[in-house]
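# Survey of secondary and tertiary structure
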Amino acid sequence: YTPPDIDPRQYRLTIHGMVDRPLVLSLDELKRLPSVSRIHFLECPGNGRTRPAAPDATLRERHGRTSCAEWTGVLLSVLLKEAGVQKGALWASAEGADVIKDIRSMPLEKAMDDVLVAYGQNGEPVHTYHGFPVRLIVPGWEGSFSIKFLRQIKVVEQPDMGKSDGVFYAAQRPDGKRRWFVFEQGVKSVIIRPAGGQRLAGPGFQEILGLAWSPGGVIRRVEVSTDGGRSWKDAVLEEPLHRKAHTRFRLPWTWNGEEVVLQS
């Protein structure tokens, strides 16, 4: 995959469609608008759904299609209010500038909520492979909605229903049909140590470490089992706790050297 070569000095973001005042903004103009910095996770729709056949598959191979960063940019709601959304508009379709011209549509209610037009990542410009110079961050929703290399947002009455909306990210149902527009993926947790082919030096004290995240808000509690689910203990959550972000948890544990199943 080769990301597009975008000159940040020539970059333009267009907001058009069912708006009173279409906008064409340069990167400098975006940066002059009121900004926010928020920590959010991104997750591929396929993360954790398929497991490699190898029993010693690494944690990255099993659950590595997710990340978490501090994103800086302008709330999409600020731009849409500036453009003046017209009556009857119900959706916003975002398009990227990479070779696949990816387009994803979201209800206007979400676009006016917490969606971020981001030009910063962890205090630096957005990384090249993460969507430089500007990408969309749609907190809590499937990562495919967070369009990279963002070049335009069109306010419309109906969703685009292109390849991404209607084919690539439609979810398989038990009856064989496919469901359009799966937004949130559910609460998840994963133990990151010991896990994924890691070998313990021997019996004795260990600390179980993991990550948990929720598309709906803040993680308030994580339970861990060291006996295959027969009993559960509350893990300690590392603060600060952020909405729609990875939350680290830990639990002290003494291993007796026998085979066990760890769960969270």
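Predicted model, so just to flag it, every value in this text is computed and none were measured.

Helix and strand counts for the protein come out as 5 helices and 18 strands. Summarising its shape, the C-alpha atoms of the protein cover approximately 70 × 45 × 35 Å along the three principal directions. For the protein, the residues scored as buried account for 44% of the 264 residues in total. The contacts in the protein between residues at least 6 apart in sequence include a share of 66% that link residues at least 24 apart. Summed over its atoms, the accessible surface of the protein is roughly 14500 Å², and 49% of this surface lies on carbon and sulfur atoms. Each charge class in the protein was averaged separately, 36 positive and 31 negative side chains, and the resulting centres sit 2 Å apart.

Every buried residue belonging to helix α3 (residues 76-83) is among Leu76, Ser77, Leu79, Leu80 and Ala83, and all of these are buried. All buried residues of α3 project into a common sector of 160 degrees when viewed along the axis, lining one side. Positive backbone phi, at 80 degrees, marks Gly84, one or two positions downstream of α3.

Here we come to the pattern of salt bridges. The tally for this structure, following the rule as stated, stands at 9 salt bridges. Connected via shared salt-bridge partners are Lys110, Asp114 and Lys244.

Structurally, the position occupied by Arg104 is in strand β6 (residues 103-107). What makes Arg104 buried here is its relative accessible area of 2%. Among the polar contacts listed, one links the side chain of Arg104 to the side chain of Ser144, at a separation of 2.8 Å.

With that out of the way, let us pick up the packing of aromatic side chains. Taken as a whole and judged by the stated rule, the model has 5 aromatic pairs. Here Trp141 and Phe145 contribute two aromatic rings whose centre-to-centre distance is 5.2 Å and whose plane-to-plane angle is 75 degrees, an arrangement assigned as edge-to-face. The exposure classification of Trp141 matches that of Phe145, with both residues buried. Each ring, one from Trp253 and one from Trp255, has its centre 6.5 Å from the other, and the planes form 35 degrees; the classification is tilted. By the burial criterion, Trp253 is buried, and Trp255 matches it. Through successive ring pairs, a cluster of aromatic residues spans Trp141, Phe145 and Phe183.

On to unusual backbone geometry, then. Note that the residue after Phe132, namely Pro133, is joined by a cis bond; omega there is 5 degrees. Here Pro133 lies in the loop between β8 (124-125) and β9 (135-137). Note the cis peptide between Arg193 and Pro194, where omega equals -5 degrees. Its place among the elements puts Pro194 in the loop between β13 (188-193) and β14 (204-213). A positive phi is found at Phe149, a non-glycine position, where the angle reads about 50 degrees.

Moving on to the nonpolar core. Within the largest apolar cluster, 33 residues are counted, with the highest numbers of intra-cluster contacts made by Leu30, Val117, Leu136 and Leu150. Every element with two or more residues in this core is listed here: β1 (12-17), β2 (23-26), α1 (27-31), α3, β5 (91-96), α4 (108-111), β7 (116-121) and β10 (150-156). Those residues within four positions of Val117 in sequence are excluded, and the remaining contacts are Leu13, Leu30, Thr72, Gly73, Val74, Leu76, Leu79, Val134, Arg135, Leu136 and Leu150. By size, the runner-up hydrophobic cluster in this structure holds 13 residues, among which are Ile219, Val224, Leu237 and Phe249.

Taken in spatial order, the 4 strands line up as β13-β14-β18-β17 in an open sheet, and their pairing is antiparallel. Of all strands in the sheet, those with a lone pairing partner are β13 and β17 (236-237), marking the two edges. In this structure, β17 lies alongside strand β18 (residues 247-255), joined through 2 bridges in antiparallel fashion. Opposite Leu237, over in β18, you have Phe249 as the bridge partner.

This part is about the environment of Gly84. When you line up the elements, Gly84 lands in the loop between α3 and β5. Gly84 gets classed as buried once you look at its relative accessible area, which sits at 10%. Gly84 sits 63 residues away from Arg21 along the chain, and the two C-alpha atoms are 6.2 Å apart. Here Gly84 is in contact with Met18, Val19, Asp20 and Arg21, once residues within four sequence places are set aside.

About the thresholds
- Residues numbered from 1 in each chain as written.
- Predicted model: local features only at pLDDT ≥ 70, side-chain atom pairs only at ≥ 80, totals over all residues.
- Heavy atoms only, no water.
- Helix = DSSP H or I, 4+ residues; strand = E, 2+ residues; numbered from the N terminus.
- Buried < 20%, exposed > 50% of the residue type's maximum accessible area, 1.4 Å probe, protein only.
- Contact = heavy atoms within 4.5 Å.
- Areas by Shrake-Rupley, 256 points an atom, 1.4 Å probe, with all protein chains shown as cover.
- Lys, Arg positive; Asp, Glu negative; His and termini not counted.
- Charge placed at Lys NZ, Arg CZ, Asp CG, Glu CD.
- Arc of directions from axis to C-beta.
- Salt bridge = Lys/Arg side-chain N within 4 Å of Asp/Glu carboxyl O.
- Polar contact = N/O pair within 3.5 Å; in protein donor to acceptor, adjacent residues only side chain to side chain.
- Phe/Tyr/Trp six-rings, centres within 6.5 Å; stacked < 30°, edge-to-face > 60°.
- Core = buried A, V, L, I, M, F, W, Y, C linked by side-chain atoms within 4.5 Å.
- Pairing = 2+ DSSP bridges.

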